[in-house]
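Descriptive structure summary
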Amino acid sequence: GQEASIHIKRVIALPGETVQIKDGQILIDGEVYNEKDEFPAITNAGLASDDHGREGQYFVLGDNRNNSEDSRHNGMGLVNSDRIVGKLWFTISPWKKIGFV
């Protein structure tokens, strides 16, 4: 059988919330989402150019926002809870970000 690969992504929106990426910013239920970390403006909204969200599914983004296959792309799309296998709790690289998340 073919094994699925594991990806590390950041959950941006919970089931039932709507997501839109407009003018480089993330909107959750129509409100600008302010992130704790600094990320570049998003240049490719992909599937999130229009409001969307469904019950039981999560919207995820990779930290490398302009070069990541995530919920903006058909290849991944929204993620069902049964596809989430764990939570990142410690970073070992890069050196300046080592420590608990």
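Criteria and cut-off values
Residues numbered from 1 in each chain as written. Predicted model: local features only at pLDDT ≥ 70, side-chain atom pairs only at ≥ 80, totals over all residues. Heavy atoms only, no water. Helix = DSSP H or I, 4+ residues; strand = E, 2+ residues; numbered from the N terminus. Buried < 20%, exposed > 50% of the residue type's maximum accessible area, 1.4 Å probe, protein only. Contact = heavy atoms within 4.5 Å. Areas by Shrake-Rupley, 256 points an atom, 1.4 Å probe, with all protein chains shown as cover.

1. Describing the overall build of the chain
Regarding its fold elements, the chain presents zero helices and eight strands. Order of helices (α) and strands (β) in the chain, N terminus to C terminus: β-β-β-β-β-β-β-β. Its C-alpha atoms put the chain at 40 × 35 × 20 Å along the principal axes. A total of 101 residues make up the chain; the buried ones form 28% of that total. Pairs at least 24 residues apart make up 52% of the contacts formed inside the chain by residues separated by at least 6 positions. On the chain, roughly 7500 Å² of surface is accessible, and the fraction owed to carbon and sulfur atoms is 48%.

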